[in-house]
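So the chains spell out like this:
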Amino acid sequence: MENCIYFAGNSELSVTEPALLLGWGFSETGLRRPGAPRFGCAGLVLDDRVLPGRGVLDAAEAALRAAGGVVVCDFERPADPVLEALLSRLGDLELVVPPQYAGLPHAAVLAGPYLPGLSFRRWLTAQQAKYGPVVLDGAPLRHLVRPGCPPIGWTEPLPDSGSFNPGSACLTCRRPEGFLFWDDRETLRRRCEAAGVPVILLQQEWENLPRS
């Protein structure tokens, strides 16, 4: 993959190229595929919401090879033997795997998303030292950090303004309960460019971000 931003969307979205097509996954009996995209795609994003049975491996491998381009495995479940078998067959493709499958042949590991706490540069350097080539899940920041606690997602309205935090490369402000960290389009764009690795952004999340 080129070191640029890849917008991931479905077939009904018109997104800036290079794009990745969402909607690939598994059903009880086979591989779930979206309709033909309305835009040129660099590849696809495969999910593991449903785990495949061994009987679908041949058909799934053939379909993924025929799709062409990069295959990004956005898997959230623990490593599964059937998925391990499938990914082992696809190791000669431009395959991006999550950390739990990093022991299999791959082109890069899907790292992230980054959360505030450790500086972005130190966090990314640690990911690269651990996994080698990485592709960054570029999900925007919208988190509250209380002293001594891990970041938690923030669902309340965002402030009208904040200060730029160079460590996390996002906006921040102090609140009674802790520090709020969030992105607008400009901070997220700057952090992605500073990463120096391929970054995947969901088109809908990008569109929902406040503008500078």
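Quick caveat: nothing in here was measured; it's all calculated off a predicted structure. (Residues numbered from 1 in each chain as written. Predicted model: local features only at pLDDT ≥ 70, side-chain atom pairs only at ≥ 80, totals over all residues. Heavy atoms only, no water.)

K.L.:
Is there a simple way to explain the nonpolar core in this structure?
P.N.:
Among soluble globular proteins, nonpolar side chains are generally buried collectively. By size, the foremost hydrophobic cluster in this structure holds 44 residues, and its most contacted members are Trp24, Leu31, Leu46, Leu64, Leu86 and Leu87. Aside from chain neighbours lying at most four places away, what touches Trp24 is Leu31, Arg32, Arg33, Pro34, Leu44, Val45, Leu46, Asp47, Ala63, Leu64 and Ala67. Counting residues in each nonpolar core, the second largest holds 11 residues, with Tyr6, Ala8, Val45 and Val72 among its members. (Core = buried A, V, L, I, M, F, W, Y, C linked by side-chain atoms within 4.5 Å. Buried < 20%, exposed > 50% of the residue type's maximum accessible area, 1.4 Å probe, protein only. Contact = heavy atoms within 4.5 Å.)

K.L.:
What is the right way to read the packing of aromatic side chains from this model?
P.N.:
Each aromatic ring pair is characterised by the separation of its centres together with the angle its planes make. Overall, the coordinates contain 5 aromatic pairs when judged by the stated rule. The aromatic ring of Phe164 is capped on one face by Arg190, whose charged end is 4.4 Å from the ring centroid. (Phe/Tyr/Trp six-rings, centres within 6.5 Å; stacked < 30°, edge-to-face > 60°. Lys NZ or Arg CZ within 6 Å of the ring centre and 35° of its normal.)

K.L.:
Explain the packing of helix H3 (residues 120-131) against helix H4 (residues 185-195) here, please?
P.N.:
To characterise two packed helices, one gives the angle between the axes of the helices and the distance between these axes. Two elements in contact, H3 and H4, have axes separated by 11 Å at closest approach and are oriented at 40°. Between H3 and H4, the angle is such that the two are oblique. As for the relative orientation of H3 and H4, their crossing is right-handed in sense. Between H3, through Phe120, Arg121 and Leu124, and H4, the contact on the second element is made entirely by Arg191, Ala194 and Ala195. Grouping the amino acids of the contact of H3 with H4 by side-chain chemistry returns 4 nonpolar, no polar and 2 charged. (Axes fitted to C-alpha atoms, helices over the stretch in contact; angles between N-to-C directions. Helix = DSSP H or I, 4+ residues; strand = E, 2+ residues; numbered from the N terminus. Parallel < 35°, antiparallel > 145°, perpendicular 65-115°, else oblique. Left-handed = near helix turned anticlockwise from the far one by under 90°. Nonpolar A, V, L, I, M, F, W, Y, C, P; charged D, E, K, R; others polar.)

K.L.:
Any chance you could explain the side chain of Asp183 here in plain terms?
P.N.:
When you line up the elements, Asp183 lands in the loop between strand S13 (178-182) and H4. Within the structure, the side chain of Asp183 is placed 2.7 Å from the backbone nitrogen of Leu141, a separation counted as a polar contact. Of note is the side chain of Asp183, whose polar atom sits 2.8 Å from the side chain of Thr187. Among all residues touching Asp183, those that are not within four sequence positions of it are Pro140, Leu141, Ala169, Cys170, Leu188, Arg191, Leu209 and Pro210. (Polar contact = N/O pair within 3.5 Å; in protein donor to acceptor, adjacent residues only side chain to side chain.)

That is the geometry; function is a separate question.
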